Amino acid sequence: TYPHTGNVNQVESFWDYAARAGVPCVVLDAAQSFDAPTTSGAKVLHGLGLPDARNELGQWSIYTTDPAQFSREGKSTTTAGTVYRVDDEGGVIRAKVLGPKNFALEQELLAEKEALVGAQEAGGGGAELLTKRSELDQRLAQVKKENLWAELLIHLESDKARVALGGQEQTLAPGQWSGFYELTFELNWLVKVHAITRVKLIQLQPHFELLVNVLDIDPRNPPYWQPISSPHGFAAELASECGLYETYGWPTLTMPFKDQKIDAETLLEDVEFTERWRETLTQQRLVKDDWRCLMSVFSTTDRVQHMTYQYYDSTHPLYDAAAAARQMTFFGERIQLAQAIPAIYCQMDRIIGDVLAKLRPEDTLMVISDHGFQSFRRQVHVNNWLLENGYLALRADFEKKHRDGLAFVDWSKTRAYALGLGFIYLNLEGREPAGIVSRDDARPLMEEIRAKLLEARDPADNTRICKEVYILRDIHDGQHIGLEADLLPGFFPPYRVGWSLATGGLSTVDADGVTKPGPICSDNDSNWSGDHVSMALSEVRGVFFSNKKVTIPPEGVRALQIAPTALALLGVPVPAEMDLPPLEIAR
């Protein structure tokens, strides 16, 4: 059994229904579509959720001779990155780019150990088997710890560097991106992991610095244990026709920018690269005749807004007029960083226009986003609010080491707690291991929390925090409702759930060597400066456009209407399990 990223999504997509009804479908970069049965008639390139070639969530690296960095073994950043200190040895730098662990060898050793244990249990071997088992345990520990690697060899010159990775050399000037490097990590004579990546030479002076992007699964040869398309060969078909492309499910450098390891210009250069290859895939499939339904996902508008609102919004805590005025070339035009958000929408408008020009009169085009965006200026620390309002209790020995993973909670006195992107759970009897809230008391408690949240105010200026609070059982139903939280606050922009809650944390402050709970609200000082999660749905509405006249319901278009609308347009019966009727679209 090899490492495999599973998918929690438990429902079929609309293209599965369409394909089974005889409608050929092509879907590009589909979120949460991986790890699902192949449906004949549907060609799907998987997107959001796919791991990188290391079976991880987007590991990237910085290699630097900066004397302020000390760790040659690598120091982890906040979000999936590692910074390595390297040495300039007479104009040559030698380092390693880590690939996957050798899980094939690990499986072989585990099988060998299992056989050895069986022999011991049968009473054979004595001291000799004990020695062999000890040696096996040591080898297993080492294999689990170490990654396979590719050699990174850099020759420094006065105004450029020759960067060799995996035996392939490219010459780069400061600020220049490489083309793809193609890497192979051999687990044994039969099993190999094929990866591709790009690097950027950040600078040569005053010290050397190189960014190595995520190791993407090579679309020409994806592993059989982690398909990146359905059918398996569709990814390679696209690569053959369009060239190499990124496959990691979040293919933009938001995390290095969030961790303040790259600048906004590097981020936006990578955004342009991602947008261009997605456009190439889309345009290439558009003119083929193997589909009646073509869906293509573009997520760069989302990524740009997450990361550059601090330049766009002059009231953001991180806004700096000089930084916002910095200029760069973006899609061939000079823009200020303050114009990045409008600029990426202009590019999407251009792409949509190019698609429209290729459609026949009878073709229907729908342009849809699942959410809008707002500036994220203030954090709301939901567990701190629950604590201050008497719904959550701290353990008596609370200290700094307890502030994450809900380790600070005294479950015997806690009635509600929060986790993730603002989700509030009751400490319910029969559901939580130490639940104290009875089923009879659950509804009144949810109503009470909801009412108080709607009146909650930011202590800094008495501004109301919550516009809407959703009791999820009132708006959702179905067989999976038991997996959901009990309540979800919908904050007024620019408020969003605090960063600490992602890991079930409590915001804290240190005073005189003592760790104490922090305030309910605080400024967002992260480069992740725009958002939509946990904001009131009415404040982050998505968009819906069509080239045909549409009858819009009084409450507006809802996301759950898109799948039935697509099926109705294709002449496919809408299944009963789809909650809302299709939109009326003129033919």
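Our structure's up above, just so we're on the same page.
Since this is a predicted model, take the numbers as computed values, not measurements.

K.L.:
Could you give an account of the overall build of the chain, with specific residues and numbers?
P.N.:
Regarding its fold elements, the chain presents 13 helices and 33 strands. Its C-alpha atoms give the chain a radius of gyration of 26 Å, within 12% of the compact-globule value 25 Å for 587 residues. Expressed as lengths along the three principal axes of its C-alpha atoms, the size of the chain is roughly 70 × 65 × 65 Å. Of the contacts made within the chain by residues no fewer than 6 positions apart, 62% connect residues no fewer than 24 positions apart. When the accessible surface of the chain is totalled, it reaches about 27,700 Å², and 51% of it is carbon and sulfur. If you average the places of the 58 positive and of the 80 negative side-chain charges in the chain, the two averages end up 1 Å apart.

K.L.:
Please set out the pattern of salt bridges residue by residue, giving values where relevant.
P.N.:
With the rule as written, the count across this model stands at 39 salt bridges. Ionic pairing is found between Asp 313 and Arg 377, a salt bridge with its closest N-O pair at 2.8 Å. Separated by 64 residues along the polypeptide, Asp 313 in the loop between helix H7 (300-312) and helix H8 (321-324) and Arg 377 in the loop between strand S20 (374-375) and strand S21 (378-380) bring together distant segments of the chain. Judged by its relative accessible area of 11%, Asp 313 is buried. In this structure, Glu 448 engages Lys 452 in a salt bridge whose closest nitrogen and oxygen atoms are separated by 4.0 Å. Placement of the pair is Glu 448 and Lys 452 together in helix H11 (residues 439-455), with a separation of four residues, close to one helical turn. Note on Glu 448: relative accessible area 34%, which makes it partly exposed. Beyond isolated ion pairs, a larger network of salt bridges with shared partners links Lys 43, Glu 237, Glu 241, Arg 285, Lys 288 and Asp 290.

K.L.:
Now, about the packing of helix H4 (residues 234-242) against helix H6 (residues 264-286): what can you tell me, with residues and values included?
P.N.:
With their axes 10 Å apart at the nearest point, H4 and H6 run at an angle of 95° to one another. What the angle tells us is that H4 and H6 run roughly perpendicular. Residue-level contacts link Phe 234, Glu 237, Leu 238, Glu 241 and Cys 242 of H4 to Thr 280, Leu 281, Gln 284 and Arg 285 of H6. Residues that form the contact of H4 with H6 fall into these classes: four nonpolar, two polar and three charged.

K.L.:
Any chance you could break down the pairing of strand S24 (residues 466-471) for me, citing the residues and the numbers?
P.N.:
For S24, the buried fraction is high: five of the six residues fall into the buried class. Of the strand pairs in this sheet, S24 and strand S25 (residues 487-491) are connected by five bridges, and their pairing is antiparallel. The residue bridging Tyr 470 from the neighbouring strand is Leu 488, located in S25.

K.L.:
Mind laying out the environment of Glu 157, listing which residues take part and the relevant values?
P.N.:
Within the secondary structure, Glu 157 is located in the loop between strand S7 (147-156) and strand S8 (161-165). Spatially, the C-alpha atom of Glu 157 lies 22 Å from that of Gln 69, the residues being 88 residues apart in sequence. Those residues in contact with Glu 157 that sit more than four places away from it in its chain are Arg 162 and Leu 204.

K.L.:
Got a sec to walk through the side chain of Gln 284? Specific residues and values, please.
P.N.:
Within the secondary structure, Gln 284 is located in helix H6. Looking at Gln 284, the relative accessible area reads 17%, which means it is buried. In terms of polar contacts, Gln 284 uses its side chain to reach the side chain of Glu 241, at 2.4 Å.

K.L.:
Lay out the side chain of Ser 229 with the relevant residues and their values.
P.N.:
Its location among the elements puts Ser 229 in strand S15 (residues 229-230). Of the polar contacts made by the side chain of Ser 229, one reaches the backbone oxygen of Pro 231; its length is 2.8 Å. In terms of polar contacts, Ser 229 uses its side chain to reach the backbone amide nitrogen of Phe 234, at 3.5 Å. Residues contacting Ser 229, with those up to four places away along its chain left out, are Val 44, Leu 45, His 46, Phe 234 and Ala 235.

K.L.:
Can you tell me about the sheet that holds strand S14 (residues 216-217), naming the residues and giving the values?
P.N.:
An order of S10-S11-S14 is seen for the three strands of this open sheet, with the pairing classed as antiparallel. The sheet is open, and its two borders are formed by strand S10 (181-186) and S14, each paired with just one other strand. Pairing analysis gives two bridges linking strand S11 (residues 192-197) to S14, with the strands arranged antiparallel. Following the sheet pairing, Ile 196 is matched in S14 by Asp 216.

K.L.:
Outline H7, supporting the account with residue identities and numerical values.
P.N.:
Its maximal kink placed at His 306, H7 deviates by approximately 50°. The buried count for H7 comes to 12 of 13 residues, which makes it a mostly enclosed element. Residues of H7 that are buried include every one of Thr 300, Thr 301, Asp 302, Arg 303, Val 304, Gln 305, His 306, Met 307, Thr 308, Tyr 309, Gln 310 and Tyr 311, and no others. Residues of H7 that are buried make contact with helix H5 (254-258), H6, H8, helix H9 (340-358), S20 and strand S30 (530-531).

K.L.:
Tell me about the sheet that holds S21, and please be specific about residues and values.
P.N.:
Taken in spatial order, the three strands make up an open sheet running S26-S21-S29, and their pairing is mixed. In the strand order of this sheet, the two ends are held by strand S26 (495-497) and strand S29 (521-523), each with one partner. When strand polarity is set aside, the average angle formed by the axes of neighbouring strands in this sheet is 35°. Taken together, the three bridges between S21 and S29 define a ladder with antiparallel strand orientation. Paired with Val 380 across the strands is Cys 521, a residue of S29.

K.L.:
Describe in detail the pairing of strand S18 (residues 333-336), supporting the description with residues and values.
P.N.:
Remember that side chains alternate between the two faces of the sheet whenever the strand is regular. Across four bridges, the pairing between strand S17 (residues 327-330) and S18 is antiparallel. Its bridge partner lying in S18, Gln 327 is registered against Gln 336. Where S17 folds back on S18, the antiparallel hairpin that results is connected by two residues, among which Phe 331 adopts a positive phi of roughly 55°.

K.L.:
Can you break down the packing of H6 against H7 residue by residue, with the values?
P.N.:
The description of two helices packed together rests on the angle between their axes and the distance between the axes. In contact at an axis separation of 10 Å, H6 and H7 are set at 165° when each is read in the N-to-C sense. Here H6 lies roughly antiparallel to H7, going by the angle between them. Along this stretch, H6 crosses H7, giving a crossing that reads as left-handed. On H7, the residues that touch Ala 264, Leu 267, Leu 268, Val 271, Thr 274, Glu 275 and Arg 278 of H6 are Thr 300, Val 304, Met 307, Thr 308 and Tyr 311. Per-class residue counts for the contact of H6 with H7 are seven nonpolar, three polar and two charged.

Reading guide: rules and limits
- Residues numbered from 1 in each chain as written.
- Predicted model: local features only at pLDDT ≥ 70, side-chain atom pairs only at ≥ 80, totals over all residues.
- Heavy atoms only, no water.
- Helix = DSSP H or I, 4+ residues; strand = E, 2+ residues; numbered from the N terminus.
- Rg over C-alpha atoms; globule rule 2.2 N^0.38 Å.
- Contact = heavy atoms within 4.5 Å.
- Areas by Shrake-Rupley, 256 points an atom, 1.4 Å probe, with all protein chains shown as cover.
- Lys, Arg positive; Asp, Glu negative; His and termini not counted.
- Charge placed at Lys NZ, Arg CZ, Asp CG, Glu CD.
- Salt bridge = Lys/Arg side-chain N within 4 Å of Asp/Glu carboxyl O.
- Buried < 20%, exposed > 50% of the residue type's maximum accessible area, 1.4 Å probe, protein only.
- Axes fitted to C-alpha atoms, helices over the stretch in contact; angles between N-to-C directions.
- Parallel < 35°, antiparallel > 145°, perpendicular 65-115°, else oblique.
- Nonpolar A, V, L, I, M, F, W, Y, C, P; charged D, E, K, R; others polar.
- Pairing = 2+ DSSP bridges.
- Polar contact = N/O pair within 3.5 Å; in protein donor to acceptor, adjacent residues only side chain to side chain.
- Bend = angle between axes of the 7 residues up to and from the residue.
- Left-handed = near helix turned anticlockwise from the far one by under 90°.

Everything listed is a geometric property; what it means functionally is a separate question.
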